[in-house]
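Chain by chain, the residues run as shown.
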Amino acid sequence: MSAYLCPPAVIHGEHAVETSQIVAEVRDRHPHAAWEPRIDSIAASTGIETRGWMLPLETAVAPGNGGGLRTVGTGRAQEALAREGFTEQDVDRAIAALEAIPTPQTVQERTAPAWEAVQSYGERAARGALQIAGLDTADVDCLITSNSTTPALPGLDIALANKLQLRNDVMLQPATQWACIAGTRSLALAADLVAADPDRVVLVVIAEALSTTYQPADDTLESLIVRLLFADTAVAMVVTGRPRRESVLRVDAAWHHTLPGTQDLHRLETRADGTHFVMDRRGPRAVQETVTAMWEWLRVRYQDDPGSWHPDVLLAHPGGTRVLEYMEQTMPDAWPAGLLDYSRDSYTTGNRGGAAVFDIMRRAYDAGQKPGSRAVLYAAAPGLTATALEGEWL
């Protein structure tokens, strides 16, 4: 198994959302929440001062287009009030008051503009990745796409096939539920595809509008954390079966791991007001189990050279800094310090979900990596499922 990766294109959300803005909005909306006295310390603990969104904060917190009578309709309300003996003047005043009541946005109101942004950002990332690789849209043989936060049918694969005017015979591989694992799992799939046909050119595009999970009405601690963590990003990368002048990393092996009975620990739920990301406090401990399993995979893979082999860079998206700390605590003592520096750096501007690993790789690439440096890419996602890749910097 050998696949060659070109540097990724990374398009960050262009609307800067400050943590102080989120804190002010949440505090104003939920002044009596149990966690309100701790909101400043909770926000500071994330280490995030600003994150980029595809749409401004005002879009996420705006009320819906319909008033308090959206579900029943003005006509039925008028009839009901008239039956109760209200005068025509009183009915008009009551209807006006009810229609003035702000209501949450509907799923359509919330996701439709985000879906348009995901397509636009995805196209920009795709064109950027092709330019980096020195290729044209006509060179693409397979398109792998992932976006979990703005479900649509047809999906991002069809949208990009049309926007990029790809050949009619391009293989389309959409994945709408990979979420945080999209970076590593898409590369593992791409590696399998180019192993079957080394002349194949695979374009991977991941675009996530995680800001759609910002739900103003929620007053749980978990919802507060979700508000503070997520960022919007589109990324793309070209993968080939033969080395190119632009190739920077060779993938040599892939590993997959799924923990049974953990599907409820992290999940997306679609409700009347949009998409909610639900977290369970047991989640990080479960993710740690996948980290332990990955260490064992690497140990067995290099058991003939246990004393000298180690990665020179570890590009990891385990969902948060808490698991990064666990990774540092449990990796072999002989491994060098600083393996997770680029991963930590990425988290300082938000959790990018499936786009995170590509963003981390871009940071490592921009910092400069010596040819021959060994790299491990790892990500875990709701499920709980994990995929890791191991390879060498070119």
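Residues numbered from 1 in each chain as written. Predicted model: local features only at pLDDT ≥ 70, side-chain atom pairs only at ≥ 80, totals over all residues. Heavy atoms only, no water.

The name recorded for the protein in an unreviewed UniProt entry is Polyketide synthase, from Streptomyces incarnatus.

> Account for the overall build of the protein, naming residues and giving values.
Secondary structure assignment for the protein yields 13 helices and 14 strands. What you see for the protein is a C-alpha radius of gyration of 24 Å, in line with the 21 Å of a compact globule of 394 residues. In terms of principal-axis extent, the alpha carbons of the protein reach across some 90 × 50 × 35 Å. The long-range share in the protein, meaning contacts at least 24 apart out of those at least 6 apart in sequence, stands at 81%. Approximately 17,300 Å² of the protein is accessible, and the part contributed by carbon and sulfur atoms is 50%. On the protein, the mean spot of the 34 positive side-chain charges and the mean spot of the 50 negative ones are 2 Å from each other. (Helix = DSSP H or I, 4+ residues; strand = E, 2+ residues; numbered from the N terminus. Rg over C-alpha atoms; globule rule 2.2 N^0.38 Å. Contact = heavy atoms within 4.5 Å. Areas by Shrake-Rupley, 256 points an atom, 1.4 Å probe, with all protein chains shown as cover. Lys, Arg positive; Asp, Glu negative; His and termini not counted. Charge placed at Lys NZ, Arg CZ, Asp CG, Glu CD.)

> Give me the lowdown on empty space enclosed by the protein, citing residues and values where you can.
On inspection of all chains with the given rule, the structure shows 2 cavities of 30 Å³ or more. By volume, the largest cavity is sized at about 70 Å³. If you list the elements that add at least two residues to the lining of the largest cavity, you get α3 (57-61) and α6 (107-133). Class assignment of the residues belonging to the lining of the largest cavity gives a composition of 5 nonpolar, 3 polar and 1 charged. Estimates place the volume of the second largest cavity at around 30 Å³. As for the second largest cavity, its lining consists of T145, N147, A152, G155, L156, D157, P174, A175 and T176. For the lining of the second largest cavity, the secondary-structure elements that each account for two or more residues are α7 (156-163) and β6 (171-175). A breakdown of the residues in the lining of the second largest cavity according to their chemical character gives 4 nonpolar, 4 polar and 1 charged. (1 Å grid on protein atoms, 1.4 Å probe; cavity = no way out; pocket = protein on both sides within 12 Å on 5 of 7 lines; lining within 4 Å. Points joined across faces, edges and corners; volume = space filled by probe spheres on them. Nonpolar A, V, L, I, M, F, W, Y, C, P; charged D, E, K, R; others polar.)

> Please give an account of unusual backbone geometry that cites residues and values.
In terms of backbone geometry, most residues other than glycine have negative phi values and most peptide bonds are trans. P154 follows L153 through a cis peptide bond whose omega is 0°. Residue placement: P154 occurs in the loop between β5 (142-146) and α7. The peptide bond linking G383 to L384 adopts the cis configuration, its omega dihedral lying at -15°. When you line up the elements, L384 lands in the loop between β13 (374-381) and β14 (385-393). Positive phi is not limited to glycine here, since Q165 has a value of about 55°. In this structure, A179 takes a positive phi of about 55° despite not being glycine.

> Tell me about the UniProt feature "domain: Chalcone/stilbene synthase N-terminal" (unreviewed entry) in the protein, residues and numbers included.
Following the UniProt record, the feature "domain: Chalcone/stilbene synthase N-terminal" (unreviewed entry) maps to residues 105-242 here. Across residues 105-242, helical content stands at 43% and strand content at 20%; the span's end C-alpha atoms are separated by 49 Å. (UniProt positions renumbered as here; feature names shortened; annotations may be inferred.)

> Which residues make up the pattern of salt bridges, and what values go with them?
Scanning the entire structure with this criterion turns up 25 salt bridges. In this structure, the salt-bridge partner of R363 is D345, at a minimum N-O distance of 2.7 Å. You can see R363 sitting in helix α13 (residues 356-367) and its partner D345 sitting in helix α12 (residues 341-347), a full 18 residues away along the chain. Its salt-bridge partner being R374, residue E390 comes within 2.3 Å of it at the nearest N-O pair. Within this pair, whereas E390 is found in strand β14, its partner R374 is found in strand β13, the two being separated by 16 residues in sequence. One exposure class covers both E390 and R374, and it is buried. It is possible to trace a salt-bridge network through shared partners that takes in R250, D252, R301, R374, E390 and E392. (Salt bridge = Lys/Arg side-chain N within 4 Å of Asp/Glu carboxyl O. Buried < 20%, exposed > 50% of the residue type's maximum accessible area, 1.4 Å probe, protein only.)

> So what's going on with the packing of aromatic side chains? Residues and values would help.
All chains considered together, the criterion is met by 6 aromatic pairs. On the numbers, 5.5 Å between centres and 75° between planes, the contact of W53 with Y214 is edge-to-face. Taken as a pair, W53 in strand β4 (residues 50-53) and Y214 in the loop between β7 (201-209) and α9 (221-229) lie far apart in primary sequence, 161 residues in all. Among the residues examined, Y214 registers a relative accessible area of 2% and is labelled buried. On the basis of an interplanar angle of 20° and a centroid distance of 6.0 Å, the ring pair of W255 and W297 is categorised as stacked. Within this pair, whereas W255 is found in strand β9 (residues 249-258), its partner W297 is found in helix α10 (residues 283-301), the two being separated by 42 residues in sequence. (Phe/Tyr/Trp six-rings, centres within 6.5 Å; stacked < 30°, edge-to-face > 60°.)

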